[in-house]
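Architecture at a glance
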Amino acid sequence: MIQLIANIIDLAAAFIQVGSGVIRQKTRILVIQILQLLMQAVSMVLLGGITGAVNNLLSCCRNYLCYKEKLSAGWKAFFITASIGATILLNKQGLLGLIPAAVCTVYILCMDVKDQVLFKLLVTVTSVPWILYHFLLGSYTGAFFDTLSVLTNAYALFKMWRSSKFSARLRQTS
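The present account deals with the structure reproduced in this document. All figures in this text were calculated on a predicted structure; none of them were measured in a lab.

For the rest of this paragraph, the subject is the nonpolar core. Core analysis: the biggest nonpolar cluster contains 16 residues, and Leu30, Leu71, Phe79, Tyr107, Met111 and Phe119 have the highest contact counts within it. Sorting the residues of this core by element identifies helix H2 (26–47), helix H3 (50–67), helix H4 (73–90), helix H5 (99–110) and helix H6 (116–137) as the ones contributing at least two each. Sequence-distant contacts of Phe119, defined by excluding residues within four places in its chain, comprise Lys26, Ile29, Leu30, Tyr107, Met111 and Val113.

Here's what the structure looks like:
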């Protein structure tokens, strides 16, 4: 019963996640991610994915600071340290429990990139390990929709890249 409830919560979060795949603006992506991450944290707690839940909660705070353009190097170091520290202290899942901290560390190190195409690439690439994490945790809706999210993000990324490449060609010919 708990697994069903967790999957229903994750299903609602997944609709938000997939819908965010077509959003191109970094600030909007960050705000939508906060809601999605909160919902997925609840789902993960129900399924025993404590390291994923803690990393999602830290990610909400991180995204808020980034949205407000206050994510300094000090805050980045704090969030990376908190993520790794919480994972070491709370991990009861072996290698699976390390995935959230690894993904969050990469995301934190690169998330202040200004180029929208590179930011969309970061979101897409760091979503891939969550597919495995959710599937092995038993959040099948999460894993399914993580896959859809990667695909929608990849599609938006392709469109953004093609548009920027086309724009660059226009600038060169004028």
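Having seen it, we continue.
Attention shifts here to the side chain of Asp10. Structurally, Asp10 is set in helix H1 (residues 2–20). For Asp10, which is buried and forms no salt bridge, the nearest opposite charge comes from Arg62, at a distance of 15 Å. When neighbours within four sequence positions are excluded, Asp10 is seen to be in contact with Gln40, Ser43, His134, Ser139, Thr141 and Gly142.

In this section: the packing of aromatic side chains. Going through the model one piece at a time under the given rule, you end up with nine aromatic pairs. Geometrically, the ring pair formed by Trp75 and Phe78 is edge-to-face, given 5.6 Å between the ring centres and 90° between the ring planes. Here the residue Trp75 and the residue Phe78 both occupy positions in helix H4, the gap between them amounting to three residues, near one helical turn. A relative accessible area of 44% means that Phe78 is categorised as partly exposed. Relative to Phe145, the ring of Phe144 has its centre 5.0 Å away and its plane inclined at 90°; by these criteria the two rings are edge-to-face. A relative accessible area of 48% means that Phe144 is categorised as partly exposed. A network of ring pairs unites the aromatic residues Phe15, Phe144 and Phe145 as a single cluster.

Conventions and cut-offs
Residues numbered from 1 in each chain as written. Predicted model: local features only at pLDDT ≥ 70, side-chain atom pairs only at ≥ 80, totals over all residues. Heavy atoms only, no water. Core = buried A, V, L, I, M, F, W, Y, C linked by side-chain atoms within 4.5 Å. Buried < 20%, exposed > 50% of the residue type's maximum accessible area, 1.4 Å probe, protein only. Helix = DSSP H or I, 4+ residues; strand = E, 2+ residues; numbered from the N terminus. Contact = heavy atoms within 4.5 Å. Lys, Arg positive; Asp, Glu negative; His and termini not counted. Salt bridge = Lys/Arg side-chain N within 4 Å of Asp/Glu carboxyl O. Phe/Tyr/Trp six-rings, centres within 6.5 Å; stacked < 30°, edge-to-face > 60°.

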